[in-house]
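Listed here are the chains, written in short residue letters.
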Amino acid sequence: MNHPTSRNGADQPSKKELFTSSGFILAAIGSSVGLGNMWKFPYITGQHGGAAFFLLFIVCLLITGLPVLLAEMTIGRSGRRNAAGSLYQLTGNRFWGVVGLLFILTAFLIMSYYAVVAGWTLHYTVESFTGLLFSEGTDYKEKFISFASGYLPVFWQALTMLVTGWVIARGVSGGIEKFNKILIPSFFIILVVLMWRSLTLPGAGQGVEFFLRPDFSKLDAESALIALGHAFFSLSLGMGCMMTYGSYVNQKQSLGSATWAIGFGDMLYAFIAGLVIFPTVFSFGLEPGEGVGLAFMALPAAFSQMPLGFLFGGLFFLLLSIAALTSAVSILEVPVAYAMERWKWSRKKAAVIVSSVCFAVGVPPALSVGGVLGSWQPGGKTIFDWVDFSTAYILMPFCGLIVTLFAGYAWKRAGEAAGLTGFWYRVWMFLLRVVAPAMIVLVFLYFMGVISV
Ligand code: PHE
């Protein structure tokens with residue numbers, strides 16, 4: 001491939017390791033299906049009234065998520081570089097290269113704390129399968145708090161970084177693709193087993209009804225903004241992830257079909273996750289709007305009361321761990337790809353150095369969830385909350401906005417590179433130029449407290 005804006009004659013995809021077509025779809029689904037679907041989606045849906053919120057989430061996916069997803073993949077495949085390098089490569093303008101560094105920074109920061117939560121899921125998987133988690137009269141909330149405020153989370157965080165770094169060091173096809181090809185089908189099987197378990201619990205119907213019968217009176221403008229922010233997070237947008245994966249996509253692959261497949265996959269997994277969680281929650285009389293503690297504090301209580309609960313609990317946390325690890329791999333690949341190209345490091349060297357630094361940066365957040373650093377709360381937030389807040393609500397929307405402006409206005413060949421013409425091209429451009437930026441700015445201003453709804 002050689003196009004007019006190619007810099008340094010270095011645009012040689014043949015030298016780059018590429019995904020196979022199915023491998024790419026699986027890896028992208030692995031990235032998008034993460035803690036967001038399994039842990040965050042159910043609890044925000046619970047807080048915002050169930051089915052109506054789910055519908056809103058689908059609308060947000062369609063009108064902002066998918067157009068931005070297609071834009072990110074197109075930029076990556078045409079630039080054939082890391083996120084920052086691709087923006088520069090396609091325009092030849094240093095400004096875009098520098099702006100692109102924000103993607104690398106965002107991914108790096110997200111990885112530092114995503115590894116902490118992924119670590120919790122690993123711990124809970126082991127504790128569940130071994131039965132250590134469950135005993136008569138346990139207060140699971142207290143149990144989680146005492147775990148999270150100790151030093152053990154740092155061990156699990158280190159293990160997460162080790163596994164993630166190892167997969168990445170093995171390369172695109174031998175590492176990332178293989179990892180996803182094994183884990184995503186296993187993930188699906190476990191999910192179906194758990195769905196069967198939860199739907200056959202006594203009183204499951206109430207949970208299904210809560211999740212599937214829309215009550216629009218519960219929706220307000222805040223729900224819309226949260227649904228939109230989540231559609232973004234859930235599709236792994238706004239941090240260079242899909243650009244980086246896009247840079248390993250072969251030229252023959254239809255990016256339009258990939259967009260539908262990934263969007264559908266993400267929605268399907270969110271849907272099934274809802275069918276696993278709500279029937280269980282209702283069957284055991286728990287509170288669906290419980291919040292962040294839903295997975296780690298409320299559900300263990302349910303598992304402890306069902307027959308073979310250690311097994312189903314173990315499978316549930318295993319599911320969360322797989323979801324977290326396949327996403328973590330895609331996040332870490334963003335700074336690793338940058339380090340390889342920017343400093344000409346080998347993949348192994350980049351994987352080792354980036355994971356180690358990322359681990360170190362993640363230790364303070366890990367120790368701030370009730371741990372030794374928990375009482376230090378500058379501006380009323382712990383370090384963990386600060387990293388979460390600044391990435392999810394500031395950096396990610398901002399980077400998302402950059403993508404829409406870049407593909408919608410600055411880079412003139414987006415339509416051709418995405419393989420879109422006619423009607424779909426016009427729809428895409430309208431969403432990218434007008435709808436998506438407007439929605440992103442609204443969400444951003446809302447979370448910054450500039451506007452209230
Ligand atoms: N999409 C992932 C989830 O739902 C999170 C993620 C965000 C992964 C950004 C990669 C990049 O949990």
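You'll find the structure just up there.
Rules used throughout
- Residues numbered from 1 in each chain as written.
- Predicted model: local features only at pLDDT ≥ 70, side-chain atom pairs only at ≥ 80, totals over all residues.
- Heavy atoms only, no water.
- Helix = DSSP H or I, 4+ residues; strand = E, 2+ residues; numbered from the N terminus.
- Buried < 20%, exposed > 50% of the residue type's maximum accessible area, 1.4 Å probe, protein only.
- Phe/Tyr/Trp six-rings, centres within 6.5 Å; stacked < 30°, edge-to-face > 60°.
- Lys NZ or Arg CZ within 6 Å of the ring centre and 35° of its normal.
- Near = heavy atom within 4 Å.
- Polar contact = N/O pair within 3.5 Å; in protein donor to acceptor, adjacent residues only side chain to side chain.
- Areas by Shrake-Rupley, 256 points an atom, 1.4 Å probe, with all protein chains shown as cover.
- Salt bridge = Lys/Arg side-chain N within 4 Å of Asp/Glu carboxyl O.
- Disulfide = S-S within 2.5 Å.

Trainee: Describe unusual backbone geometry, and please don't skip the residues or the numbers.
Mentor: At Ser 236, a residue that is not glycine, the phi angle is positive and equals roughly 60 degrees. Structurally, Ser 236 can be placed in the loop between α10 (221-234) and α11 (241-246). Classification of Ser 236 as buried rests on a relative accessible area of 7%. Of note in this structure, Leu 308 is not a glycine but carries a positive phi near 55 degrees. Locating Leu 308 in the fold gives a position in the loop between α13 (299-305) and α14 (309-343).

Trainee: Tell me about the packing of aromatic side chains, and name the residues and values.
Mentor: Summed over all chains, the structure comprises 38 aromatic pairs. Here Tyr 124 and Phe 144 contribute two aromatic rings whose centre-to-centre distance is 6.1 Å and whose plane-to-plane angle is 50 degrees, an arrangement assigned as tilted. Of this pair, Tyr 124 sits in helix α5 (residues 94-129) while Phe 144 sits in helix α6 (residues 140-148), placing them 20 residues apart in sequence. For the pair formed by Tyr 124 and Phe 144, the shared burial category is buried. For the ring pair Trp 260 and Trp 424, a centre distance of 6.3 Å and an interplane angle of 80 degrees mean the geometry is edge-to-face. With Trp 260 in helix α12 (residues 255-283) and Trp 424 in helix α18 (residues 422-447), this pair connects stretches of sequence that are 164 residues apart. A relative accessible area of 48% places Trp 260 in the partly exposed class. Here the aromatic cluster, defined as three or more aromatic residues joined through ring pairs, consists of Tyr 113, Trp 120, Tyr 124, Phe 144, Phe 147, Phe 296, Phe 303, Phe 316, Phe 317 and Phe 384. Its guanidinium or amino end placed over the ring of Phe 312, Arg 197 lies 5.6 Å from that ring's centre, counting from NZ or CZ. When the ring centre of Phe 389 is taken as origin, the NZ or CZ atom of Lys 381, which lies over that ring, is 4.7 Å away.

Trainee: Could you give an account of the site of the ligand, with specific residues and numbers?
Mentor: The full set close to the ligand counts 15 residues, and Ser 32, Gly 36, Tyr 114, Phe 233 and Met 239 are the nearest of them. Leu 35 places a main-chain nitrogen or oxygen 3.0 Å from an oxygen atom of the ligand. Within the backbone of Ser 234, an N or O atom sits 3.1 Å from a nitrogen atom of the ligand. Compared with its free state, where it exposes 320 Å², the ligand has 100% of that area covered by protein. Elements that contribute at least two residues to the shell around the ligand include exactly α1 (21-32), α2 (35-47), α10 and α14.

Trainee: An account of the pattern of salt bridges is requested, with residue identities and associated values reported.
Mentor: A complete count under the given rule lists six salt bridges for this structure. Salt-bridge contacts for Glu 333 lead to Arg 347; the nearest nitrogen and oxygen are separated by 2.9 Å. Of this pair, Glu 333 sits in helix α14 while Arg 347 sits in helix α15 (residues 347-366), placing them 14 residues apart in sequence.

Trainee: Tell me about the state of the cysteines, residues and numbers included.
Mentor: Within this structure, the stated rule accounts for zero disulfides. Cysteine Cys 60 is unpaired, with the sulfur of Cys 399 as its nearest cysteine sulfur at 20 Å. Classification of Cys 60 as buried rests on a relative accessible area of 5%. No disulfide involves Cys 241; its nearest neighbouring cysteine sulfur is the one of Cys 399, lying 12 Å away. Exposure remark for Cys 241: the relative accessible area of 0% places this residue in the buried category.

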